[in-house]
Amino acid sequence: MLLTKNEFFALLLALVLLPFLAYNIIWLAGSAKAKGRVVGIGQHMGMNIGKSTYALVSFRAGADTVWFQGLDQGYETGDVVPVRYRKADPQKAQVATFLSLWGETLAWSAIPLMVVVVLYFSQDIVPKRAMVLVGRKPFIRVIPFNPKYVRQRP
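This write-up is about the structure you can find in this document. Bear in mind the structure is a predicted one, so any value in this text is a computation, not a measurement.

## A word on the overall build of the chain
- On a plain count of helices and strands, the chain comes out with two helices and eight strands.
- Helices and strands in the chain line up, N terminus first, as β-α-β-β-β-β-β-α-β-β.
- The C-alpha radius of gyration computed for the chain amounts to 23 Å, which surpasses the reference 15 Å derived for 154 residues by more than 25%, pointing to a less compact arrangement than a globule.
- On the principal axes, the C-alpha backbone points of the chain span a range of 70 × 35 × 25 Å.
- Within the chain, the proportion of its 154 residues that are buried is 30%.
- Contacts spanning at least 24 positions in sequence make up 57% of the contacts within the chain whose residues lie at least 6 apart.
- Put simply, the chain shows about 10,800 Å² of open surface, and 63% of that area lies on carbon and sulfur atoms.
- Here the chain contributes 18 positive and 8 negative side-chain charges, whose respective centroids are spaced 16 Å apart.

Printed below as a string of structure tokens:
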């Protein structure tokens with residue numbers, strides 16, 4: 001398969017980020033919604049420098065009341081917050097905000113994203129107008145730009 005530099009790096013980016021995004025997408029697709037209530041704000045010494053705070057949230061899952069620690073995003077005791085949880089494991093619930101649901105995924109995918117971006121802008125890896133041949137031996141081969149052999153698009 002002959003790809004342009006942009007097509008190759010778009011495919012590479014999709015392959016690198018898909019494992020990080022797929023877990024969250026599958027988790028969200030199988031999760032249920034609920035309304036939770038912040039019952040307190042706690043502090044602990046975590047991996048952060050200094051103290052970090054969390055919101056202690058409770059919600060109803062069927063006949064049970066479930067308690068979990070969510071990200072503290074300026075909540076106060078008594079605030080009603082949206083919650084997402086898996087019915088099979090309600091203890092692993094999350095406050096349904098973008099930062100709570102996607103923050104860890106974005107943090108873990110940032111490093112592979114930066115590596116792909118650096119490779120894209122490095123002219124030594126794949127020159128500006130070069131093509132990339134994928135699927136033959138060697139599996140990935142860079143073909144330098146030659147004006148005589150410009151790929152025609154239909």
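## Quick notes on the packing of aromatic side chains
- As enumerated under the stated definition, the model contains five aromatic pairs in all.
- Look at F8 and F9: their rings are 5.2 Å apart centre to centre, the planes differ by 80°, and that puts the pair in the edge-to-face class. Both residues of the pair, F8 and F9, count as buried.
- Ring geometry for F59 and Y85: centres 5.0 Å apart, planes at 40°, overall tilted. On the criterion of sequence distance, the pair formed by F59 in strand β3 (residues 51-61) and Y85 in strand β5 (residues 80-86) is long-range, its members being 26 residues apart. Each member of the pair, F59 as well as Y85, is classed as buried.
- Aromatic ring contacts, followed pair by pair, group F8, F9, Y120 and F121 into a single cluster.
- Above the face of the Y120 ring, K5 is positioned so that its terminal group lies 4.8 Å from the ring centre.
- Residue placement shows R129 over the ring face of F145; its charged tip is 4.0 Å from the ring centre.

## As for the environment of G36
- Tracing the backbone shows G36 in strand β2 (residues 32-45).
- Setting aside residues up to four positions removed in sequence, G36 forms contacts with V57, S58, F59, D79, V80, V81 and V83.

## Concerning the packing of helix α1 (residues 5-29) against helix α2 (residues 98-121)
- Closest axis-to-axis distance for the α1/α2 pair is 10 Å, and the angle between their directions is 170°. In terms of axis orientation, α1 runs roughly antiparallel to α2.
- The residue inventory of the contact of α1 with α2, partitioned by class, reads 18 nonpolar, four polar and one charged.

## Quick notes on the pattern of salt bridges
- One pass over the structure, following the stated rule, counts one salt bridge.
- For D89, the salt bridge identified is with K92, shortest N-O distance 3.8 Å.

## Here's the deal with the nonpolar core
- Judged by nonpolar contacts, the single largest core of 15 residues is most densely connected at V57, F59, F68, V81, V83 and Y85.
- Elements represented by at least two residues in this core include exactly β2, β3, β4 (64-71), β5 and β6 (89-95).
- In terms of residue count, the dominant contributor to this core is β3 (four residues).
- Apart from the residues lying within four places of it in its own chain, the contact partners of F59 are A34, K35, G36, D64, T65, V66, F68, V83, Y85, P90 and A93.
- One finds L3, V116, V132 and V134 within the second-largest nonpolar core, a separate group that totals eight residues.

## Re α1
- Between its first and last C-alpha atoms α1 spans 34 Å; for 25 residues at 1.5 Å apiece the expected length is 36 Å, and the two agree.
- Where α1 bends most, at L18, the angle is about 45°, and the proline P19 comes one to four residues later.
- Looking at α1, one finds that the buried residues are K5, F8, F9, L17, N24, W27 and L28.
- Where α1 is buried, its residues touch β1 (2-4), β5, β6, α2, β7 (131-134) and β8 (140-143).

About the cut-offs
Residues numbered from 1 in each chain as written. Predicted model: local features only at pLDDT ≥ 70, side-chain atom pairs only at ≥ 80, totals over all residues. Heavy atoms only, no water. Helix = DSSP H or I, 4+ residues; strand = E, 2+ residues; numbered from the N terminus. Rg over C-alpha atoms; globule rule 2.2 N^0.38 Å. Buried < 20%, exposed > 50% of the residue type's maximum accessible area, 1.4 Å probe, protein only. Contact = heavy atoms within 4.5 Å. Areas by Shrake-Rupley, 256 points an atom, 1.4 Å probe, with all protein chains shown as cover. Lys, Arg positive; Asp, Glu negative; His and termini not counted. Charge placed at Lys NZ, Arg CZ, Asp CG, Glu CD. Phe/Tyr/Trp six-rings, centres within 6.5 Å; stacked < 30°, edge-to-face > 60°. Lys NZ or Arg CZ within 6 Å of the ring centre and 35° of its normal. Axes fitted to C-alpha atoms, helices over the stretch in contact; angles between N-to-C directions. Parallel < 35°, antiparallel > 145°, perpendicular 65-115°, else oblique. Nonpolar A, V, L, I, M, F, W, Y, C, P; charged D, E, K, R; others polar. Salt bridge = Lys/Arg side-chain N within 4 Å of Asp/Glu carboxyl O. Core = buried A, V, L, I, M, F, W, Y, C linked by side-chain atoms within 4.5 Å. Expected span 1.5 Å × (residues − 1). Bend = angle between axes of the 7 residues up to and from the residue.

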